[in-house]
Amino acid sequence: MSASTQPIIVTGGSGRLGRSVVEGFAAAGHRVVSVDRQGPPERADGVRYEDVDLLDARATEELFTRLGPAAVVSLAAIAVPFSAPEDVILKTNAGIAHSVTAAAVASGARKVIVASSPSIMGYGSPAGWVPPRLPLDEDVTPRPWHAYGLSKYVAEQVAAMFAAQHGPGDGENGVKFASFRPCYVIAPEEWEGAPTQQGHTVAERLEDPRLSAPALFNYVDARDVTDFLLLLLERMHLIENGDVFFVGAADAMARAPLAEVIPEVYPELAHLAGGLTGSSPAFSIEKARRVLGWEPKRSWRTELR
């Protein structure tokens, strides 16, 4: 099967982010197979849907081998902290990350991308949290304090482990791995007033800073994540094998500068927030800009209806 006809597998294609990724990949001309426990109620044209338990390593490998993907984008996971018992979240998300990555390699995929989360940084810890600097970047050491954050950090380490096995990943038979940390994902319908992941609307998050504060006012449009993933797949030859990227909007989910807002909600971070002037976010996307040339196109200022 030639590279031009090999599909891209997207796990978790029925989810909030997965739906946009599947549709965006198909619109970009890729053959896309969405793999999840069950398909979404509305299915995108030209997309193949497959159901499988991704915790079943053997079934996952058999399906991937039959599909023969050129690349695998692993989005499937329990997506919300504390939405299931802590042990279930950890075992599920870590298990899926390993099962999918191993199956991708076994099936001959040459590019594997694993979804992580900014929550691995540890903000919101009940014991208090003061990072070495703001904005946060990929060189700041993660300090997860709940099972969801830990499971996503493990997912990154799974990708790093396989990268260590495969070396640089260059050459005809090389395999490249990457992880990305998408900020608080806003699906297209949520700009129109549909509830976000936490149950309130984008407008409510802007009107009440306490709603966005737990995520340090981070967010990203699902379509911008899709654009990032398309660019990453195209330019994986530019990255170090196992690289990690923050993926967020170019601004913060706040009407006032974070230099003013953060000290009000997190006084212990006041000494770090002074540089977050204008619309600057608390999460840096400079690495994605520098290495890949990616730039988010959407902001709450342009998309909110």
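Residues numbered from 1 in each chain as written. Predicted model: local features only at pLDDT ≥ 70, side-chain atom pairs only at ≥ 80, totals over all residues. Heavy atoms only, no water.

Quick notes on the packing of helix α2 (residues 57-67) against helix α3 (residues 86-106)
How we decide: Orientation is described by lines fitted to C-alpha atoms, with helices fitted over the stretch in contact, and by angles between N-to-C directions that extend from 0 to 180 degrees. Strands are runs of DSSP state E lasting at least two residues, helices are runs of H or I lasting at least four, and both sets are numbered from the N terminus onward. Each crossing gets its handedness from the near helix: less than a right angle anticlockwise from the far helix is left-handed, clockwise is right-handed. For this analysis, residues touch if any pair of their heavy atoms sits within 4.5 Å. In this classification, the charged set is Asp, Glu, Lys and Arg, the nonpolar set is Ala, Val, Leu, Ile, Met, Phe, Trp, Tyr, Cys and Pro, and all remaining amino acids, among them Gly, are polar.
Between α2 and α3, the least distance of the axes is 8 Å, while the angle of their chain directions is 35 degrees. Handedness of the α2/α3 crossing: right-handed. On the side of α2, the interface is formed by Ala57, Thr60, Glu61, Phe64 and Thr65, while α3 contributes Ser99, Val100, Ala103, Ala104 and Ala106. Residue composition of the contact of α2 with α3, grouped by class: six nonpolar, three polar and one charged.

Some thoughts on the pairing of strand β9 (residues 243-247)
Looking along a regular strand, one sees the side chains alternate between the two faces of the sheet. Spelled out, the test is: Buried, partly exposed and exposed residues are distinguished by accessible area as a fraction of the type maximum, computed with a 1.4 Å probe on protein chains only: under 20%, between the cut-offs, and over 50%, respectively. Following DSSP output, two strands are said to pair if at least two bridges run between them.
Most of β9 is tucked away: five of the five residues are buried. Covered by surrounding structure in β9 are Asp243, Phe245 and Val247 together with Val244 and Phe246, the residues of both alternating faces. Two elements, strand β6 (residues 176-182) and β9, share five bridges in a ladder whose sense is parallel. Paired with Ser179 across the two strands is Val244, which belongs to β9.

Remarks on unusual backbone geometry
For the peptide bond that leads from Leu134 to Pro135, omega is 0 degrees, which places it in the cis range. Inspection of the secondary structure puts Pro135 in the loop between β5 (111-115) and α4 (147-166). Of note in the backbone geometry, Phe82 takes a positive phi value of approximately 65 degrees without being a glycine. Its place among the elements puts Phe82 in the loop between β4 (71-74) and α3. The phi dihedral of Leu216 falls on the positive side, at around 55 degrees, and the residue is not glycine. For Leu216, the location among the structural elements is in the loop between α6 (209-212) and β8 (220-221). Exposure remark for Leu216: the relative accessible area of 2% places this residue in the buried category.

What about the pattern of salt bridges?
As a reminder of what qualifies: Salt bridges are counted wherever a side-chain nitrogen of Lys or Arg sits within 4 Å of a carboxyl oxygen of Asp or Glu.
Across all of its chains, the model carries 21 salt bridges by this definition. Here Glu62 makes a salt bridge to Arg58, at a shortest N to O gap of 3.3 Å. One end of the pair is Glu62 and the other is Arg58, both in helix α2 and four residues apart, which spans about a single turn. What makes Glu62 partly exposed here is its relative accessible area of 47%. Residue classification places Arg58 among the exposed residues on the basis of a relative accessible area of 65%. Of the charged contacts in the structure, one is a salt bridge between Arg289 and Glu286, with a shortest N-O distance of 2.4 Å. Pair noted here: Arg289 and Glu286 are both in helix α10 (residues 286-292), with a separation of three residues, about one helical turn. On the basis of relative accessible area, Glu286 is assigned to the partly exposed category, the value being 41%. If you follow the salt bridges from partner to partner, you end up with Asp224, Asp227, Lys297 and Arg298 in one network.

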